[in-house]
Structure formats: structure tokens, C-alpha cells
Amino acid sequence: MRRLRNLKIVATLGPSSNDYPTIRALFEAGADVFRLNMSHGSHEEIAQRHATIRQIEADTGRPIAILADLQGPKLRCGQFANGAAELEDGQIFRFDLDPTPGEAHRVQLPHKEIFDALEPGATLLVNDGKLRLKVKDHGPDFADCEVIVGGTISNRKGVNVPDVVLPLAALSEKDRDDLHFALDLGVDWVALSFVQRPEDVIEAREIVGTRAAILSKIEKPAAVKAFDAILAVSDGIMVARGDLGVELPVQSVPPIQKRLVRSCRAAAKPVIVATQMLESMIESPMPTRAEVSDVASAIYEGADAVMLSAESAAGRYPVEAVTMMDNVAVEVESDPTYRSVIEASRQAERSTVADGIVSAAREIAETTDIKAICCFTESGTTALKTSRERPRVPILALTPFPATGRRLCLSWGINCYYNEKVERFKMAVVSAARAARAGGYGEGEDKIIVIAGLPFNIPGSTNILRVAPCEERLIFNLEPE
């Protein structure tokens, strides 16, 4: 089942997409990665969804990536005696550690770490930023705040603290339990929420090891400031625009998105653009024009993937939402402007032999009639470097390891095929030609580029490039290895 676009689509599973027929339909409509949201659903439900995806993978013969998205620490206020209270602009409202039900002038905020980190003038946002308060005075167990933008505050509403780095670990106890559970299931990617500093990723890495790849969600101003250091220790990035838009001025999010996407591409690490991409399709079979433009903008920027959240998890039209994303991607990628934008944003990376090999492969493909670039990869690095080049021809990643093939499903333009380990380069070329023919990329005298490393089966040894025909007989007629 060959995709007609390079962008990858991430679909979140939930009540609207909880059975084999629906998940299979999502895959056939274009979903390349399925997200399991650890904030919703029991471990039993999540395990069933995981098993269903793996069954579809076996039935279709195509690798599918599974992403477990951890909840992260949730900062919420306490309960109110009457369920809610009205805050007036200019009044003083206190947050404290007292568990007594709240009223019009105070409520519990059961997070001592917040009080320890606050400073006068710091902003507190409640209920996704609908209420805005400024700290006037604070102590180890309270914060007196002036209400800047008032409204209704009710039980257990979320609280954001955008101005300070909170002394909270990115992994709560629930996250640790969920992480061990997801790793035991065998997920391919783990999305880490509430990342503020590179140490948060390093802490998770100590648990994850090599069992999965780590995707850091950029959803806090502190993460934006420390982005380069976070990217260096992450395997991929998610631009989580929902929380960013709460904690930062909304007009600052688009340029941040563009900057993060470009940095990820330069580092040859996949990046997902997420949140509210086709939000109206939760209830409507058609998106708004603004939403379509939003998806298209992420594609023009060179994002590896775009993500559906509630649209596919709880919406009325999950399959239609995936189909719409697929249609938008195909249309954008066929636009000549898309190629000019992508190629203009290419940053030369020539620090290693592998960088030079994949760059040469892309240049050869652009100047001759090449049908595909075939990469032999153990760890996935060669394929990722090739993806960074954003070539005009398909990328085929050949690997003997299912874990590598699944992880690469998140990256731009990579089509994954499994092959047996090879010891001779000529047999590698033959395997690549077979994959190209099987996938419908070429046949007969059609040419492919084969990238590999000699000696074989040593990660990071990419050092050879060969142009070869798709017909095996012609390959064997070439000069001996």
C-alpha cells in the first residue's frame, strides 16, 4: 500500500476509533502512526488497541509505528464549596495549600512546588488561559494575586505558570507506571509531556534505554528557551501548540513552530506539528478553510508529520479526518511552490562521510532519471539523514530490525521494508531492487540508488553509493563485487 505523499499522519485512538474495522480504515485512509493517549483509557483498553494495531500490521505486511503519549504532571486548583466562583477584574484572589473548599477569595492549589518557584509579577493562567492573574505577594504556602482577566473558576481547573521554570519532574508517578506499561507492550515512541529542560529527557532515557525512541513535547516557554539542548538529547520533537498558545502570546506560536521545524530538520530528527489541526471535524464532516491552510502551512514548512487528536479519537468523522489530511498533503506536495520552498530551506550538512553520501544520492537523483533511493540501515540513522535532504524521489529504508522500521514510519518520505541481513554488497543491491519492484517504484532498466555501509551490520558506517537497475539479471551482469 504505497502512500502518494511524503508527509506522515499521526492519528490518536480513542472511543471513536476503538475496534479493528475502524483502526484498519484509518490505516488505509493514510494513518502511518497511531497515538495512544495515556491520559485517557485504562491499561486494559490501551493494551487492546496496541494488539489491534499489531494485528493490522501483520495483516497488511506494512510496519506501523505506535506512539505512547504520557500525561505529564497536571497542575489543577482544588474544589469550591459551591462548585465554582466568579472572579472580578482587579480583586485579590489567594491560592494556598489549605484543603478547605474554596470560595470567592481563595482556593487550594495543592502544588507546593509552585509557591517555591513564584516571584512577584509572575502570571498564573486558569482554565486554558481564560482567567489571568498576577502574583502580588507570596510565601511558602500561599500566593495573593490580582485578577487581571476575571471570569468563572470552578473545581479542578488547570493552572499554568508560564513565567517560571517549575521544580517539577516531567515524569509523575502515574507517568512512570504508564511508561513501564507502554515499554512492556512494545511501543515504538514515547512522547514526554511537561518538558522544561534537557534533564527531563535524560531522566526518561534512564528508564526507556533503547526500548523505544523519545519524542519531547514542546509545550512550555522554558522548553522553547532550552530547545537546542532538549533537541540534542531527544529522538524527535512534537510542537504541542495548544499549551504553547496558552502560556505564550498566540501570535508568537507560528514563528516558533517554523523555527523548531527547521531546527529538527537540520538535526535529522522527526518533528510532529500537533493540536487543533482539523478541530472542526470533531463535529463536522468538512474542515474550515483556515484549518486546511494550517495543515498546508506545516507541510510547506517541511514538518515530518501532522497529528490528529480528538478528531480521530473522539470525533464523529475519524476516517474522514485522516482522508482530509492525506488529500491536503498530496495536493500541497504536487505544488511546484512546495519543492522550491523545501529546497530553499535545505541546510548543508557535510560533517561526516554519511552526510556526504546521502547528499550525493539526492543530487544524483535530481539530475538523472532515478526512481528511488534505497538505504540499508540498522539504527535508522542513514535513512534519517536521507530524509533530511528531502529528495524528489521516494526513500526506501531496508532493515532487518522491525523496531527500526517502525520508528522510521514517523519520518518524512521514508518507506520501510524488512530484509534479511546481507554480507555482500551485490546481494544488498539485489535486495534493494526487489523492494523497489515489489513497492511499484521501478522495474526492468529503471535505475535506483543504493546506499550502504561496508562492512555490513555495523551501525553508522555508511560509506558506499551505487546506481543500479531494478532488474536482477542486469545487476548480476555488472562488474563483480
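Small disclaimer: the values here were computed from a predicted structure and weren't measured.

What counts, and where the lines are drawn
Here, residues in each chain are numbered from 1, in the same order as that chain's written sequence. Local features in this predicted model are restricted to residues whose pLDDT is 70 or higher, and side-chain atom pairs enter the listing and the counts only when it is 80 or higher, whereas totals over whole chains, interfaces and linings include all residues. Computation of side-chain values covers all heavy atoms of the structure but excludes hydrogens and water. Two aromatic rings from Phe, Tyr or Trp, using only the six-membered ring of Trp, form a pair when their centres are within 6.5 Å; if the ring planes differ by under 30 degrees the pair is stacked, by over 60 it is edge-to-face, and anything between is tilted. Think of it this way: any DSSP run of H or I at least four residues long counts as a helix, any run of E at least two long counts as a strand, and we number them from the N terminus. Two strands pair under a simple rule: DSSP has to find at least two bridges between them. For helices, the fitted line uses only the C-alpha atoms of the stretch in contact; every axis is such a line through C-alpha atoms, and the angle between N-to-C directions lies from 0 to 180 degrees. In what follows, a contact means two residues having at least one pair of non-hydrogen atoms within 4.5 Å. In plain words, nonpolar cores are sets of buried Ala, Val, Leu, Ile, Met, Phe, Trp, Tyr and Cys residues tied together by side-chain atoms within 4.5 Å. To sort residues, take the accessible area from a 1.4 Å probe on protein chains only and compare it with the maximum for the residue type: under 20% means buried, over 50% means exposed, and anything in between is partly exposed.

Participant: I'd like a description of the packing of aromatic side chains, backed by residues and values.
Facilitator: As enumerated under the stated definition, the model contains three aromatic pairs in all. For the pair Y417 and Y441, a centre-to-centre distance of 6.5 Å together with 85 degrees between the ring planes defines the contact as edge-to-face. Of this pair, Y417 sits in strand 19 (residues 414–418) while Y441 sits in the loop between helix 17 (425–438) and strand 20 (447–453), and the two are 24 residues apart along the sequence.

Participant: Pulling in residues and values, what's your account of the sheet that holds strand 15 (residues 271–274)?
Facilitator: Hydrogen bonds along the backbone pair up the strands of a sheet, which may run parallel or antiparallel. Taken in spatial order, the eight strands line up as 1-2-3-12-13-14-15-16 and close into a barrel, and their pairing is parallel. When the angles between neighbouring strand axes are averaged without regard to direction, this sheet yields 25 degrees. Relative to strand 12 (residues 189–192), strand 3 (residues 65–69) runs parallel, the two being bridged by three bridges. Looking at the pairing, L67 lines up with W189 of strand 12. Most of the contacts of helix 5 (residues 198–208) go to strand 13 (residues 213–218), to which it runs at about 155 degrees, and overall it touches strand 12 and strand 13.

Participant: Run through the environment of V358, naming residues and quoting values.
Facilitator: Mapped onto the elements, V358 comes out in helix 14 (residues 353–367). Residues V358 and A383 lie 25 residues apart in sequence; the distance between their C-alpha atoms is 8.7 Å. With residues up to four places along the chain from it excluded, the contact list for V358 reads T382, K385, T386, E389 and I451.

Participant: Outline the nonpolar core, supporting the account with residue identities and numerical values.
Facilitator: Formed by 103 residues in total, the largest nonpolar core has its most connected members in F34, L67 and I272. In terms of residue count, helix 12 (residues 318–333) provides more of this core than any other element does, seven residues in total. Setting aside chain neighbours within four positions, we find F34 in contact with A11, L13, I23, L26, F27, I53, I64, A65, I66 and L67. Ranked by size, the runner-up nonpolar core spans 29 residues in total, among them F80, L87, L109 and A143.

Participant: Which residues make up unusual backbone geometry, and what values do they have?
Facilitator: For R156, which is not glycine, the phi dihedral falls at a positive 60 degrees. Of note, R156 is situated in the loop between strand 10 (151–154) and strand 11 (159–160). Looking at R156, the relative accessible area reads 41%, which means it is partly exposed. Phi angles above zero are rare outside glycine, and F194 is one such case at about 60 degrees. Mapped onto the fold, F194 is located in the loop between strand 12 and helix 5.

Such coordinate-based values are descriptive only and should not be taken to indicate function.
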